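Results of the structural survey
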Amino acid sequence: MLSKPLVIALIALVLMVGTQFVALKMYWSELFPEPEASAVVIKREEPKPFEWGFASEYITQLERELHERIMMLDAREEELNAYEARLGADRAEIEEIKTQVERMREHLLEGVVKLESDEVENLKRLAKVYATLTPDATVNIFRDLDDSTVVKILFFMKSDTVGAVLQEMATANGGIAEQVRRAAKISDMLRLFTDNTKDNLAQN
């Protein structure tokens, strides 16, 4: 008797569980809906341009300094070129001056009279003889003598006598240009007859 109700209870339990399972199966999709699939769109972002930031200003400063140095070098080069040009001009001018000085020196040496010790006595005697003559006569004699010999003779004559002779030489025959030039040349040669010659004569 007791087993029959137990069987009936088990059958009822199985039917209830089965019914619930079938109902759950039928309404599963409604009770637990699946999430709708959505496409994931990934937007590609363009890369931002790379900026130097603080380094850009540093490079600009370096570029500015480099440009300034190049300008300084260009200016320095121009100064050196100008200096080289001036130096070349100065060198040429110095060479020209040296040439002129050498010419003047040669010209002066041509007018310098050398007095040898062995001719001093003879020149003194001639000077005494010419000193007794008139300036006109002395000038006539000097026409046949070279300038160096005339200067040596005049050197041993008194200054007033020398002046009279040179004046006569310059004014003779109406002051011929050639004679005037010769009188001026002899006067200049006498001036170049240095005091050293006088000192040497005084010691003899």
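Model, not experiment: these values are computed from the prediction.

**A few points about the overall build of the protein chain**
Along the protein chain, the regular secondary structure elements total nine helices and zero strands. Burial statistics for the protein chain: of 204 residues in total, 16% are counted as buried. Here the contacts in the protein chain between residues at least 6 apart in sequence split such that 71% fall between residues at least 24 apart. Counting every atom, the protein chain has about 17,200 Å² of accessible surface; 59% of that belongs to carbon and sulfur.

**Structural notes on the pattern of salt bridges**
Summed over all chains, the structure comprises four salt bridges. When the shortest N-O distance is used, the salt bridge between R76 and E79 registers 3.4 Å. You can see R76 and its partner E79 sitting in helix α3 (residues 54-111), three residues apart, about one turn around the helix. Judged by its relative accessible area of 47%, E79 is partly exposed.

**Structural notes on the confidence of the model for the protein chain**
Mean pLDDT for the protein chain: 76, with 68% of residues reaching 70 or above. Considering each helix and strand of the protein chain separately, the mean pLDDT is smallest for helix α9 (residues 195-203), with a value of 50, and largest for helix α5 (residues 135-142), with 91.

**Some details on helix α4 (residues 120-131)**
Across its 12 residues, α4 extends 16 Å between first and last C-alpha, which sits within 8% of the 16 Å expected from 1.5 Å per residue. Inspection of α4 places V120, L123, A127 and Y130 among the buried residues, and these make up the whole buried set. Buried residues of α4, seen end-on, are gathered within an arc of 90 degrees and therefore sit on one face of the element. Turned more than 90 degrees away from the buried face of α4, the exposed residues are E121, R125 and K128.

**Things to note about helix α7 (residues 159-171)**
The end-to-end C-alpha separation of α7 is 18 Å, in line with the 18 Å expected for 13 residues at 1.5 Å each. Regarding α7, the residues found buried are V162, V165, L166 and M169. All buried residues of α7 fall inside an arc of 95 degrees around its axis, so they share one side. When the buried face of α7 is taken as reference, the exposed residues oriented beyond 90 degrees from it are D160 and Q167. Buried residues along α7 sit in contact with α5, α6 (147-155) and α8 (177-192). In the stretch just after α7, N173 is the one whose phi turns positive, near 55 degrees.

**A word on the side chain of Q179**
Relative to the helices and strands, Q179 is located in helix α8. Not counting the four nearest positions on each side in its chain, Q179 is found in contact with V139, R143, M169 and A170.

**Some thoughts on a nonpolar patch on the surface**
Taken together, the side chains of L6, L10, L13, M16 and V17 present a nonpolar region at the surface, about 470 Å² in accessible area. Within the secondary structure, M16 is located in helix α1 (residues 3-26). Judged by relative accessible area, which is 42%, M16 ranks as partly exposed.

**Thoughts on the nonpolar core**
Counting residues in each nonpolar core, the largest one holds 20 residues, and the members touching the most others are F142, I153, L154, M157, I186 and L190. Where this core is concerned, the elements lending two or more residues are α4, α5, α6, α7 and α8.

The rules behind these values
Residues numbered from 1 in each chain as written. Predicted model: local features only at pLDDT ≥ 70, side-chain atom pairs only at ≥ 80, totals over all residues. Heavy atoms only, no water. Helix = DSSP H or I, 4+ residues; strand = E, 2+ residues; numbered from the N terminus. Buried < 20%, exposed > 50% of the residue type's maximum accessible area, 1.4 Å probe, protein only. Contact = heavy atoms within 4.5 Å. Areas by Shrake-Rupley, 256 points an atom, 1.4 Å probe, with all protein chains shown as cover. Salt bridge = Lys/Arg side-chain N within 4 Å of Asp/Glu carboxyl O. pLDDT = per-residue confidence, 0-100. Expected span 1.5 Å × (residues − 1). Arc of directions from axis to C-beta. Patch = residues over 30% accessible without salt bridge, like charges linked within 9 Å, V, L, I, M, F, W, Y side chains within 5 Å. Core = buried A, V, L, I, M, F, W, Y, C linked by side-chain atoms within 4.5 Å.

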